[in-house]
2 protein chains.
Amino acid sequence: MTLCEQTQVHELPGNVSYAQGSAMNVPYATAFHALFHRAHGEAGESVLVHGASGGVGIACVQLARARGMTVIGTAGTEKGRRMVAEQGAHHVLDHTAPGYIGDVVKLTGGQGVDVILEMLANVNLQKDFDALAMRGRVAVIGNRGAIEFNPRLAMNKNAAILGVALFHASPAQLAGIHSALVEGLRNGTLQPVIHQELPLAQAPRAHEAVLENGHHGKIVLVP
Amino acid sequence: MTLCEQTQVHELPGNVSYAQGSAMNVPYATAFHALFHRAHGEAGESVLVHGASGGVGIACVQLARARGMTVIGTAGTEKGRRMVAEQGAHHVLDHTAPGYIGDVVKLTGGQGVDVILEMLANVNLQKDFDALAMRGRVAVIGNRGAIEFNPRLAMNKNAAILGVALFHASPAQLAGIHSALVEGLRNGTLQPVIHQELPLAQAPRAHEAVLENGHHGKIVLVP
């Protein structure tokens, strides 16, 4: 048995599977918080999802596309890029290719993107500013260490670096997030990608599978 | 003769000297843009002016105090700290003293400050996060190089690093800035500190004086 606050329980629309519903909270809620509460992404703006084939990345692509943003997604494998395109990115780039930051600038007519959703800030933060528009915002969703960084890059563009921690979203923000996510499930704009469903007894296998490279989508344990 | 756009000309209230008026644009406009447009400082919030005895720092202290914020200012000299207190800071600290960041936290009842106005990001950015409240904002106004920085610090507190360049303020923001600054001059909450007035013929001497340590306030050239 699980005891929940009323605010933690949300309706699962009839067109959505249990597995898909279970894949919503952390990735989709994090993506929404980053994109709309922190970076204030607006319809008509452009967004670079820097690492778009992971759980949060897919959620970012679907949410940004549905809001009317121009979406550029990156992935490091051919399979990942195919998936990012299928999930609705207008443009897909390979972040292991030299010169891909220049391609981001070209795709935005030389302006740079308004928003960057960054999944690996310790690698990308400094070069993100080459791809960023004046008054742009970099939302830091993922990070694995320190980076040598020149704060003048942010000054020169009146730009913002925004840390994202869903854990610190306010109760009002959480209520807004889940209202929007339920509506997105209902109207079909949000479609969590399920890689695999495994019985609870195979939880150890799920731990291994989640660490394997080259899979995309969530692994869901079912009773 | 100087040719100006109509939007670049602002009324100088009768209670303000020509020298004071000439000291408003860049420092006060930058401080306003940083504090209110970029960091969204609110009455009742706390602000650390990290380097408060310089031109922009003094403007930050006066603007934040007048808005109803709790102001903590730092300076590296006794003379500077006395001046920061005279300009309206509620608390004044020595940023050359070990442990002063801990003092900032104590002064805010253990919460940290809501806003930091940072004049030397390449030295302070990493440690600023020890002084920052949850959902805090660091506005980077001054910087002289790169710094090793861990983006997770911003994530952990849902915090923001906001580059500040007055040059990129929008026309609407500039109009707002100057309306507010003229009003602040008129009601006496903004009082530019003039260190020295020199005749235009002594411009070379002014260049030397501005580089000398230990003076506070602007040097104004008069016809």
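Check the entry above for the structure.
Parameters at a glance
Residues numbered from 1 in each chain as written. Chains lettered and ligands numbered in written order. Predicted model: local features only at pLDDT ≥ 70, side-chain atom pairs only at ≥ 80, totals over all residues. Heavy atoms only, no water. Least-squares fit on C-alpha atoms with pLDDT ≥ 70 in both. Contact = heavy atoms within 4.5 Å. Core = buried A, V, L, I, M, F, W, Y, C linked by side-chain atoms within 4.5 Å. Buried < 20%, exposed > 50% of the residue type's maximum accessible area, 1.4 Å probe, protein only. Helix = DSSP H or I, 4+ residues; strand = E, 2+ residues; numbered from the N terminus. Arc of directions from axis to C-beta. Phe/Tyr/Trp six-rings, centres within 6.5 Å; stacked < 30°, edge-to-face > 60°. Lys NZ or Arg CZ within 6 Å of the ring centre and 35° of its normal. Salt bridge = Lys/Arg side-chain N within 4 Å of Asp/Glu carboxyl O. Buried area = accessible area lost by both parts, 1.4 Å probe.

By a simple turn and slide, chain A fits onto chain B: the slide is 0.0 Å along the axis, the RMSD is 0.0 Å, and the turn is 180°. Such a combination of rotation and displacement between the chain copies is what one expects of a two-fold axis. Identified as the residue of chain A closest to the rotation axis by C-alpha distance is A:Glu148, at 2.1 Å. Taken as a fraction of all interface residues of chain A, those also at the interface in chain B reach 100%, which identifies the copy contact as same-surface.

Ranked by size, the top nonpolar core spans 80 residues in total, and within it A:Leu117 and B:Leu117 carry the most contacts. Ignoring anything within four residues of it in the chain, the contact list for A:Leu117 reads A:Ala34, A:Leu35, A:Val47, A:Leu48, A:Val49, A:His50, A:Cys60, A:Ala139 and A:Ile141. In this structure, B:Val138, B:Phe149, B:Ala154 and B:Ile161 belong to the second largest nonpolar core, which totals 42 residues.

Right, let's talk about helix α4 (residues 78–86) of chain A for a bit. The periodicity of an α-helix, 3.6 residues per turn, causes residues three or four positions apart to be oriented the same way. Residue and element names in this part refer to chain A. Within the span of α4, buried status applies to Gly80, Arg81, Met83 and Val84. Along the axis of α4, the buried positions cluster into a sector of 160°, meaning they face one direction only. Exposed residues lying more than 90 degrees from the buried face of α4 are Glu78 and Glu86. On its buried face, α4 sits against α3 (55–67), β2 (70–75) and β3 (91–94). Just beyond α4, the residue with positive phi is glycine 88, at close to 120°.

Turning next to the packing of aromatic side chains. Each aromatic ring pair is characterised by the separation of its centres together with the angle its planes make. Using the criterion set out here, one finds five aromatic pairs over all chains in the structure. Relative to A:Phe36, the ring of A:Phe32 has its centre 4.8 Å away and its plane inclined at 65°; by these criteria the two rings are edge-to-face. Of this pair, A:Phe32 and A:Phe36 both sit in helix α2 (residues 27–38), four residues apart, which is roughly one turn of the helix. Judged by relative accessible area, A:Phe36 falls into the buried class, the value being 8%. Members of the aromatic cluster, each reached through a chain of ring pairs, are A:Phe129, A:Phe149, B:Phe129 and B:Phe149. The ring of A:Phe36 carries the charged tip of A:Arg67 above its face, separated from the ring centre by 3.7 Å.

Moving on to the pattern of salt bridges. All chains considered together, the criterion is met by 16 salt bridges over all chains. Between B:Glu78 and B:Arg81 there is a salt bridge; the shortest N-O distance is 3.3 Å. Of this pair, B:Glu78 and B:Arg81 both sit in helix α4 (residues 78–86), three residues apart, roughly one helical turn. Taking the relative accessible area as the measure of exposure, B:Arg81 reaches 17% and is therefore buried. Of the charged contacts in the structure, one is a salt bridge between B:Glu208 and B:Arg205, with a shortest N-O distance of 3.3 Å. On the criterion of helical spacing, the pair formed by B:Glu208 and B:Arg205 is a turn pair, its members being three residues apart in helix α9 (residues 203–211). Put simply, A:Glu11, A:Glu183 and A:Arg186 are held in one network by salt bridges that share partners.

Quick look at the environment of B:Met69 now. Here B:Met69 shows up in the loop between α3 (55–67) and β2 (70–75). Once residues within four sequence positions are removed from consideration, B:Met69 is found in contact with B:Leu35, B:Gly41, B:Glu42, B:Ala43, B:Gly44, B:Glu45, B:Ser46, B:Val47, B:Ala64, B:His90 and B:Val115.

Time to look at the interface of chain A and chain B. The interface is formed by 34 residues belonging to chain A together with 34 residues belonging to chain B. Here chain A meets chain B over a buried area of about 2,500 Å², counting both sides, of which 51% is carbon and sulfur. Summed over the three residues of chain A that lose the most area to chain B, namely A:Met155, A:Asn158 and A:His168, the buried surface amounts to 26% of that side. Where chain A touches chain B, the interface holds zero salt bridges.

The residue A:Ala19 is located in helix α1 (residues 18–22) in this model. Each C-alpha atom of the pair A:Ala19 and A:Val220 lies 6.1 Å from the other, and the pair is 201 residues apart in sequence.

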